[in-house]
Amino acid sequence: MPELPEVEVVRQSLAKNFIGKKIKKVLVRNRKLRFKLNTSFEKELKNKSINKIHRFSKYLIMELNDKKFCIIHLGMSGTIHVVKKNNKKFFTNTSFYNSPNLPTKHNHIEFEFENSKLVYNDPRRFGFFQMIKDQKQLKDRFKFYGPEPFDKKFDLKYVINYFKNKNKDIKNYLLDQKFVSGIGNIYASEILYLSKINPLTSVNDLNRTQCKKIIINSKKILLNAIIKGGSTIRDFKNTFGSSGKFQKEFKVYGREKLKCKRLNCNGTIDKIVQANRSTFLCKICQK
DNA sequence: AAGAGGCCCTGATAGC
DNA sequence: TGCTATCAGGGCCTCT
């Protein structure tokens, strides 16, 4: 679930709940995430307050009052849950999980605040937490990442220039974080569908108009997803990233063999595989 | 340098 | 029912 829009929705929720709050205790149940958690992790966070919560691409960046940062990546299956203290069992019993959306397994990391808890859950453990010691190190951490779709730098000149002498499929470039940051497998399909561009098209063969469309539609799709995510998540008071109600209306993703939603198109959505990942498209209206 | 492929890990689901 | 195979929204690393 976590592409840029989902991470942004999580960021907003975390900001609402934890800005200015002090981390009283850090509990780590499993250090073996995507990267093994440093032994000093707990100590570096204990008694620190959260000044701000930023986001870059699919990364959450917690800015602490000692000017260090804690970055969080949700990987494929990471979710963050907020548990409020008004649950009686909160600090007295480990089986406090009576929030219906909070899993009982794979809750690897918890930050305890005075009146609430942040719980990090991640079955596949492709996500990670990482401490960053200062602004400079933070900048270095992301120096090989391309601009976000919203970034002014992500313009026609940048795109055309980047595609020079390249010949991968456009779908793969949308997933390439060095080119553009924050787009994942779902929205890559959606962006190309909206742009009426076949995902198999080599970037060599894209004209200016098509490049323009990709830029505009990347912004459009992601912004819309943030708005939708924000509105659907509002009903979930303590839990973020829960499945079930967190649905979006995808035009192509997951719609294999269903009818193309474009007006006056008789096409059927196909599923193909590119670089070992599924791509959904309508071969009739995506040329 | 660019591009292809393997791999980290668990859980849900499909097929037999 | 229970086994095995396949697939999942990410990104890093290695090899060619």
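Just so we're clear, the structure is a prediction, and the values are computed from it rather than from any experiment.

For the rest of this paragraph, the subject is the sheet that holds strand 5 (residues 79-84). Reading across from one edge, 1-6-7-5 is the order of the 4 strands in this open sheet, with antiparallel pairing throughout. At either margin of the open sheet sits one strand with a lone partner, and together these are strand 1 (25-28) and strand 5. Taking the axes of each pair of neighbouring strands and ignoring which way they run, one obtains an average angle of 15° across the sheet. The pairing of strand 5 with strand 7 (residues 116-121) spans 6 bridges and is classified as antiparallel. Across the sheet, residue isoleucine 80 finds its bridge partner in strand 7, namely tyrosine 120. This element, helix 1 (residues 4-18), spans strand 5 and strand 7 of the sheet and lies at about 25° to strand 5.

Moving on, we get to the pairing of strand 2 (residues 50-56). Along any regular strand the residues' side chains alternate between the sheet's two faces. In the sheet, strand 2 pairs with strand 3 (residues 59-64) via 6 bridges, with the strands oriented antiparallel. What sits directly across from arginine 55, in strand 3, is leucine 60. Between strand 2 and strand 3, which follow one another and run antiparallel, lie 2 residues, and serine 57 among them has a positive phi close to 55°.

Attention now moves to the pattern of salt bridges. Following the criterion strictly, the structure yields 12 salt bridges and no others. Arginine 55 is paired through a salt bridge with glutamate 8; the nearest N and O atoms lie 2.8 Å apart. Taken together, the residues arginine 55 in strand 2 and glutamate 8 in helix 1 connect sequence positions 47 residues apart. When sorted by exposure, arginine 55 lands in the same class as glutamate 8, which is buried. We note a salt bridge from glutamate 42 to arginine 31, for which the minimum N-O separation is 2.8 Å. Highlighted residues: glutamate 42 in helix 2 (residues 41-45) and arginine 31 in the loop between strand 1 and helix 2, separated in sequence by 11 residues. Among the ionic contacts, a cluster of salt bridges with common partners joins Glu8, Arg11, Arg55 and Glu148.

Do not read the fine detail of predicted coordinates wherever pLDDT is low. In this model, chain A carries a mean pLDDT of 87, and residues with pLDDT of at least 70 account for 87%. Per-element confidence in chain A ranges from a low mean pLDDT of 86 for helix 7 (residues 208-233) to a high of 97 for helix 2. Contacts for the low-pLDDT stretch residues 90-98, under 50 throughout, to residues beyond four places or in other chains number 24 contacts. Contacts for the low-pLDDT stretch residues 233-246, under 50 throughout, to residues beyond four places or in other chains number 31 contacts.

What follows is about the protein's contact with DNA strand B. Taken together, Lys105, His106, Pro123, Arg124, Arg125, Phe126, Lys166, Asn167, Lys168 and Tyr173 make up the full set of residues near DNA strand B. Sugar and phosphate atoms constitute 66% of the interface atoms of DNA strand B, taking the interface as everything within 4 Å of the protein. In the environment of DNA strand B, a sugar or linking oxygen lies 2.8 Å from a nitrogen or oxygen atom belonging to the side chain of arginine 125.

On to the packing of aromatic side chains. Counted by the stated rule, this structure contains 24 aromatic pairs. On the numbers, 5.7 Å between centres and 90° between planes, the contact of tyrosine 59 with tyrosine 145 is edge-to-face. Separated by 86 residues along the polypeptide, tyrosine 59 in strand 3 and tyrosine 145 in the loop between helix 3 (135-141) and helix 4 (156-163) bring together distant segments of the chain. Classification of tyrosine 145 by relative accessible area gives partly exposed; the value is 25%. Ring centres of tyrosine 158 and phenylalanine 179 lie 5.9 Å apart, and the angle between their planes is 10°; on these two criteria the pair is classed as stacked. In this pair, tyrosine 158 sits in helix 4 while phenylalanine 179 sits in the loop between helix 5 (170-175) and helix 6 (185-194), placing the two residues 21 residues apart along the sequence. On the accessibility criterion, tyrosine 158 (22% relative accessible area) is partly exposed. A network of ring pairs unites the aromatic residues Phe35, Phe56, Tyr59, Phe128, Phe142 and Tyr145 as a single cluster. Stacked on the ring of tyrosine 173, the Lys or Arg lysine 168 has its end atom at 4.6 Å from the ring centre. Taking the ring centre of tyrosine 193 as reference, the NZ or CZ of arginine 262 above it sits at 4.3 Å.

Each value, and the rule that gives it
Residues numbered from 1 in each chain as written. Chains lettered and ligands numbered in written order. Predicted model: local features only at pLDDT ≥ 70, side-chain atom pairs only at ≥ 80, totals over all residues. Heavy atoms only, no water. Pairing = 2+ DSSP bridges. Helix = DSSP H or I, 4+ residues; strand = E, 2+ residues; numbered from the N terminus. Axes fitted to C-alpha atoms, helices over the stretch in contact; angles between N-to-C directions. Contact = heavy atoms within 4.5 Å. Salt bridge = Lys/Arg side-chain N within 4 Å of Asp/Glu carboxyl O. Buried < 20%, exposed > 50% of the residue type's maximum accessible area, 1.4 Å probe, protein only. pLDDT = per-residue confidence, 0-100. Near = heavy atom within 4 Å. Polar contact = N/O pair within 3.5 Å; in protein donor to acceptor, adjacent residues only side chain to side chain. Phe/Tyr/Trp six-rings, centres within 6.5 Å; stacked < 30°, edge-to-face > 60°. Lys NZ or Arg CZ within 6 Å of the ring centre and 35° of its normal.

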